[in-house]
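Given next are the chains, with one letter for each unit.
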Amino acid sequence: MRLGGVTREEVLTLVGAGTGSLALDWLLYERILPFSGAFGFLLCWYLLFLVLYTVAGRLQWDALTVRERLATALAWSSGLLVLGVIADQIGYVLVRGLDAARHLNFFTESMRSTAALSPITSGGCLHAVVGSLEQLGMATLFSVPLGILTAVFLVEAGNTRRGARLVKPVRVLVEAMTALPSIVAGLFVLGVVILTLGVEKSGFAASLALTVMMMPIVTRAAEVVVRLVPGTLKEASYALGASQWRTVWHVVLPTARPGLTTAVVLGMARGVGETSPVLLTAGFTARLNLDAFHGNQASLPLFIWNYVKQPYPDMVARAFAGGLTLMAVVLILFVTARVLGRHRTPGDRRTRRSLRRARTAAAAPNAVRVANSTVQAAN
């Protein structure tokens, strides 16, 4: 609802529909029907609210207004539901992991010297954080250029008759990779890179598996963004004599920069929480391993998976604290990506510099004329 546009009748109708549907729902669940359960109660309350709100609105508004306000109520309630689910998940993880997360050692130590019955003040997730950052960083370095280049190829080559023949198999492959189960990507890297080529299990092998998962996501999202670049911008570039690759590099990609950042964020979101491909390709260790190319390397998803299934309360608390750490790492990465990808019109600095030079050049003759007239007046 718009601020300042809500009338008293709308508020009373909304409150009356909510109160009446709650009372009717309680009557059905507690006195008439043999139903039970909180989920069913809330779902029935929501459906009854929509029905009563529609009926009450139809008694005082026309059909178009009723549909508009019903859609508004659906949008607001859906948004509040999503926020409620997110708050519930974060709150549950926070409550379960607060015992371990409130100690500084959890973020500065590894689990190398921590046993199952060690106190909560011993051990931490430092090795898992380092492993996740290294693996995700390398996977982003591999998948983002490949994904964006593939997206540009699908858009630019698809505009020609000859390139359309090459675009179709590439598009089919990208769509197939999008629906690829994560464990299949891990098995692929395990069979081809580790068993066939002889590369040992490491963070590098895990990053290759994450690259297989992230690249199609980046490609699909980047293709949509690149297609949204106005054709008039490219036509203007071609009219000035620029080649196709210069147009893509200097016009298309800078214009689509905010959307491409979103594509990168989506790819990172797909790869940061993967467990099975990392387990198959990087293994697990309780030690801090800074070398991503040699030796087993842990990650936060593996840290959570390994300790949450143990029957020791302190280990379970460490697992939930690892979940909080993973949320914090993802939040930091996403905010950083959004800040770096803020929209800046191409050539803004050059434009401002040119404008300053133009103003200076225009002001110089005026200053000379003023100085001459002053000298003449003095004489």
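The protein has the name Phosphate transport system permease protein PstA in an unreviewed UniProt entry, where Kitasatospora griseola is given as its organism. Word for word, the UniProt comment on the protein under Function (unreviewed entry) is "Part of the binding-protein-dependent transport system for phosphate; probably responsible for the translocation of the substrate across the membrane." As its UniProt record puts it under Sequence similarities (unreviewed entry), the protein is described as follows: "Belongs to the binding-protein-dependent transport system permease family. CysTW subfamily."

Visitor: Help me understand the packing of aromatic side chains, please; the structure alone is not making it clear to me.
Guide: Each aromatic ring pair is specified by the distance between its two centres and by the angle formed by the two planes. For the structure on display, the rule yields 9 aromatic pairs. Geometrically, the ring pair formed by Y92 and F320 is edge-to-face, given 5.8 Å between the ring centres and 80° between the ring planes. Taken as a pair, Y92 in helix 3 (residues 63-101) and F320 in helix 14 (residues 313-340) lie far apart in primary sequence, 228 residues in all. You can call Y92 partly exposed: its relative accessible area is 46%. You can call F320 buried: its relative accessible area is 13%.

Visitor: Got a minute to help me understand the nonpolar core in this structure?
Guide: Within soluble globular proteins, side chains that are nonpolar tend to cluster in buried spots. Core analysis: the biggest nonpolar cluster contains 51 residues, and C125, I148, L260, L300 and F303 have the highest contact counts within it. For this core, the secondary structure elements donating two or more residues are helix 3, helix 5 (126-156), helix 8 (203-227), helix 10 (244-255), helix 11 (257-272), helix 12 (276-282), helix 13 (300-308) and helix 14. A total of 10 residues in this core trace back to one element, the largest contributor, which is helix 14. Shared between two domains, this core takes at least three residues from each, and those domains are domain 1 (8-102) and domain 2 (125-343). Not counting residues up to four positions away in its chain, the partners in contact with L300 are C125, A128, V129, S132, G322, T325, L326 and V329.

Visitor: Is there a simple way to explain the confidence of the model for the protein in this structure?
Guide: Interpreting fine coordinate detail is not advised for predicted regions of low pLDDT. Scored by pLDDT, the protein comes out at a mean of 84, with 87% of its residues at no less than 70. Considering only residues more than four positions removed or in separate chains, one finds that residues 361-371, a stretch of pLDDT under 50, has 0 contacts.

Visitor: Quick question: what am I supposed to make of a nonpolar patch on the surface here?
Guide: On the surface, L24, W26, L27, I32, L33, F35 and L52 cluster together into a nonpolar patch covering about 600 Å² of accessible area. By the element assignment, L24 lies in helix 1 (residues 8-32). Taking the relative accessible area as the measure of exposure, L24 reaches 33% and is therefore partly exposed.

Visitor: Got a minute to help me understand helix 1 in this structure?
Guide: One full turn of an α-helix is made of 3.6 residues, so residues set three or four places apart face in the same direction. Here helix 1 spans 34 Å end to end across 25 residues, near enough to the 36 Å set by a 1.5 Å rise per residue. Listing the buried residues of helix 1 in full gives E10, T13, A17, G18, S21, D25 and Y29.

Visitor: Is there a simple way to explain the pattern of salt bridges in this structure?
Guide: Side chains that differ in charge, positive against negative, can pair when their charged atoms come close. Applying the stated criterion across every chain yields a total of 6 salt bridges. Two residues, E223 and R171, come together in a salt bridge whose shortest N-O distance is 2.5 Å. Of the two residues, E223 sits in helix 8 while R171 sits in helix 6 (residues 161-178), which places them 52 residues apart along the sequence. On the basis of relative accessibility, which here comes to 26%, the residue R171 falls in the partly exposed class.

Visitor: How should I be thinking about the packing of helix 9 (residues 231-239) against helix 10 in this particular structure?
Guide: A pair of packed helices is characterised by two quantities: the angle between their axes and the separation of those axes. One can describe the packing of helix 9 onto helix 10 by two numbers: an axis separation of 10 Å at closest approach and a directional angle of 145°. Every pair of crossing elements has a handedness; the one defined by helix 9 and helix 10 is right-handed. When helix 9 is examined against helix 10, the residues L233, K234, S237 and Y238 are found in contact with a partner set consisting of Q244, T247, V251, V252 and T255. Across the contact of helix 9 with helix 10, the residue classes break down as 4 nonpolar, 4 polar and 1 charged.

Conventions used here
- Residues numbered from 1 in each chain as written.
- Predicted model: local features only at pLDDT ≥ 70, side-chain atom pairs only at ≥ 80, totals over all residues.
- Heavy atoms only, no water.
- UniProt positions renumbered as here; feature names shortened; annotations may be inferred.
- Phe/Tyr/Trp six-rings, centres within 6.5 Å; stacked < 30°, edge-to-face > 60°.
- Helix = DSSP H or I, 4+ residues; strand = E, 2+ residues; numbered from the N terminus.
- Buried < 20%, exposed > 50% of the residue type's maximum accessible area, 1.4 Å probe, protein only.
- Core = buried A, V, L, I, M, F, W, Y, C linked by side-chain atoms within 4.5 Å.
- Domains from an automatic or database assignment.
- Contact = heavy atoms within 4.5 Å.
- pLDDT = per-residue confidence, 0-100.
- Patch = residues over 30% accessible without salt bridge, like charges linked within 9 Å, V, L, I, M, F, W, Y side chains within 5 Å.
- Areas by Shrake-Rupley, 256 points an atom, 1.4 Å probe, with all protein chains shown as cover.
- Salt bridge = Lys/Arg side-chain N within 4 Å of Asp/Glu carboxyl O.
- Expected span 1.5 Å × (residues − 1).
- Axes fitted to C-alpha atoms, helices over the stretch in contact; angles between N-to-C directions.
- Left-handed = near helix turned anticlockwise from the far one by under 90°.
- Nonpolar A, V, L, I, M, F, W, Y, C, P; charged D, E, K, R; others polar.

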